Amino acid sequence: MSDRLSALPFDESLQAKLASDPLRPQYHLLPKANWMNDPNGPLFYDGRYHMFFQYNPNGAFWGSMHWAHAISPDLIHWTHEPVAMAPTPNGYDRDGVFSGSAVMDGRTPTMIYTGVLPPATSAEITLDDGNHKWREVQCLATSDDPMLRTWKKLPEPVIAYPPKGMQVTGFRDPTVWLEGDDWYLTLGSGFKGKGGAILLYRSKDLRHWEYVHPLVEGAGNGKASVNPVDNGEMWECPDFFPLGGKHVLLISTMGKVRWKTGTYREHRFTVEKEGVVDWGSYYAAKTQATRDGELILWGWIPETRPEVEYRAAGWAGLMSLPRTLSLGKDGTLEMTVAPAAELLRGEHVAVAPGIARAEKEKQIMDLRIRNLAAEMQVECSGEFQMELVSESGERFAEIVCGKSELRVNEVRGDLDGEGVSLRVFLDGSSLEVCANRRTAITARVYRIPRGDLRVKVRNVEGLRSMDVWAMRAISKDRLTT
Ligand code: DQQ
């Protein structure tokens, strides 16, 4: 790896600006500066968690995709490492090292990812989003470094073209798994005028792949769109795994991560139930196994403010907190923030269950959230409405759990279940909310309240308990390292 890559462009004035930016999260993973997007190839290896993610070293805007790298002992505290993979000049990933996955090939950590390059002819274009026209190929890299800092790429792609005669709307984001003696790989794809699709491949050695058939195909929303990702005719970032006796497929399209649960038989996936993983600002989700074999879900939390604003801020995007997954009896994908996040908890205040209304109101009135960093857990019977307001009463955020809807500020998601069990994680401009393990909304709030935040609750009668923790920063200077 060249020296150019080992140092992030990062000067002291930028560092000071980021360290004092109250909108910048303090306990989530995000790069020291600049743009990040999708989680890539998360891997527990040799006693450490490795996270890679899409990263632009040139500034806080999408482009020139590299893989940044961070290491953690516990899924929460991270150390930034030098960039792990950069585009190779004249290589098959010369225009970008796009998303992909990590697997252990025996004892060898192996990445399979999408490289993008200019097409030699228009027939080679697989990505046309109205701004770029690229050829996408699937590439492989291995590492013999115990810290996974250095990666050796194969000089040729392992999948160079889509299946013969197939005209696709996209061809990227491989996910790989072992089934018996065979490796399987899925690619995000789709067909114009029809809908998204996941292509399935098989291999004995991760290097030679045969196309099997579509794992599953779906319909777009029928609207015309320049970028096929916007109307569901291209599915990005597939992830496919067994859970609770069924299989789960995650795809990212039309701005959301969608889950599909169903049956995987004869290498085809029959969808039985589907929904939205997170109704807010959340994309390109990816799972990994913990050291105990438990499944963890990561996702990219994009900015929702205008590009000029995040470019000026010098940073854009963060990684969600790790979430654990389970399958509900009715086939619904359920999730909650992983217990590892409890490592962040500081001072604790609780509104005790079973006390008189007046006492409850007083305890709520006395609550304060400092530094825009808190976890809240709320149990409520019936509907629930809570506001976070500044000392002078200006609204910062509103969370409403109605009969069939969760709303966080202006973002809405379907909600079901009796009563409300709510988890809220506030970190600067990021507000992750999960209700009844079934509905998640990650909102972005670009407001800087004057002073601490106070809590206002509408249905105090129904409130059974409320726990609030201050959350500890994972670095002293908001650089998350
Ligand atoms: N982001 C990557 C692609 C993927 C998209 C490029 C999803 O590989 O399809 O940065 O956010």
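Residues numbered from 1 in each chain as written. Predicted model: local features only at pLDDT ≥ 70, side-chain atom pairs only at ≥ 80, totals over all residues. Heavy atoms only, no water.

Peer 1: Kindly report on the packing of aromatic side chains, identifying the contributing residues and their values.
Peer 2: According to the stated counting rule, one finds 16 aromatic pairs in the structure shown. Judged by centre distance (5.9 Å) and plane angle (70°), the rings of Trp-78 and Trp-298 are edge-to-face. Taken as a pair, Trp-78 in the loop between β3 (66-72) and β4 (79-85) and Trp-298 in strand β19 (residues 295-301) lie far apart in primary sequence, 220 residues in all. For the pair formed by Trp-78 and Trp-298, the shared burial category is buried. Here the aromatic residues Trp-177, Tyr-184, Phe-240, Tyr-264 and Phe-269 are joined through ring pairs into a cluster of three or more. Sitting above the plane of the Phe-61 ring, Arg-311 keeps its charged end 4.1 Å from the centroid. (Phe/Tyr/Trp six-rings, centres within 6.5 Å; stacked < 30°, edge-to-face > 60°. Helix = DSSP H or I, 4+ residues; strand = E, 2+ residues; numbered from the N terminus. Buried < 20%, exposed > 50% of the residue type's maximum accessible area, 1.4 Å probe, protein only. Lys NZ or Arg CZ within 6 Å of the ring centre and 35° of its normal.)

Peer 1: I'd like a rundown of the site of the ligand, residues and numbers included.
Peer 2: The full set close to the ligand counts 13 residues, and Asp-38, Gln-54, Arg-172, Asp-173 and Glu-236 are the nearest of them. Note that an oxygen atom of the ligand is positioned 3.0 Å from one of the side-chain N or O atoms of Trp-62. Elements supplying a minimum of two residues to the shell around the ligand: β1 (34-45), β5 (96-105), β10 (172-179) and β14 (236-243). Looking at the shell around the ligand residue by residue, the classes come out as six nonpolar, three polar and four charged. (Near = heavy atom within 4 Å. Polar contact = N/O pair within 3.5 Å; in protein donor to acceptor, adjacent residues only side chain to side chain. Nonpolar A, V, L, I, M, F, W, Y, C, P; charged D, E, K, R; others polar.)

Peer 1: So what's going on with the pattern of salt bridges? Residues and values would help.
Peer 2: For the structure on display, the rule yields 35 salt bridges. Asp-278 is the salt-bridge partner of Arg-323, the closest N and O atoms lying 3.0 Å from each other. You can see Arg-323 sitting in strand β22 (residues 323-327) and its partner Asp-278 sitting in the loop between β17 (268-276) and β18 (283-289), a full 45 residues away along the chain. With relative accessibility at 0%, the residue Asp-278 sits in the buried group. One connected set of salt bridges, linked through shared partners, spans Lys-273, Asp-330, Glu-334, Asp-416 and Arg-438. (Salt bridge = Lys/Arg side-chain N within 4 Å of Asp/Glu carboxyl O.)

Peer 1: Explain the confidence of the model for the protein chain to me, using residue names and the numbers behind them.
Peer 2: With 98% of its residues at a pLDDT of 70 or more, the protein chain shows a mean pLDDT of 95. Ignoring residues within four places in sequence, the model shows residues 1-8, a span with pLDDT below 50, making 11 contacts including any to other chains. (pLDDT = per-residue confidence, 0-100. Contact = heavy atoms within 4.5 Å.)

Peer 1: Outline the sheet that holds strand β13 (residues 209-217), listing residues and values.
Peer 2: Reading across the sheet, the four strands line up as β10-β11-β12-β13 and stay open at both edges, with antiparallel pairing between neighbours. Both outer strands of the open sheet, β10 and β13, are each paired with one neighbouring strand and no more. For this sheet the average axis-to-axis angle between neighbouring strands, irrespective of direction, equals 30°. Pairing between strand β11 (residues 182-191) and strand β12 (residues 195-203): nine bridges, direction antiparallel. Across the sheet, the residue bridging to Gly-188 is Ile-198, located in β12. (Pairing = 2+ DSSP bridges. Axes fitted to C-alpha atoms, helices over the stretch in contact; angles between N-to-C directions.)

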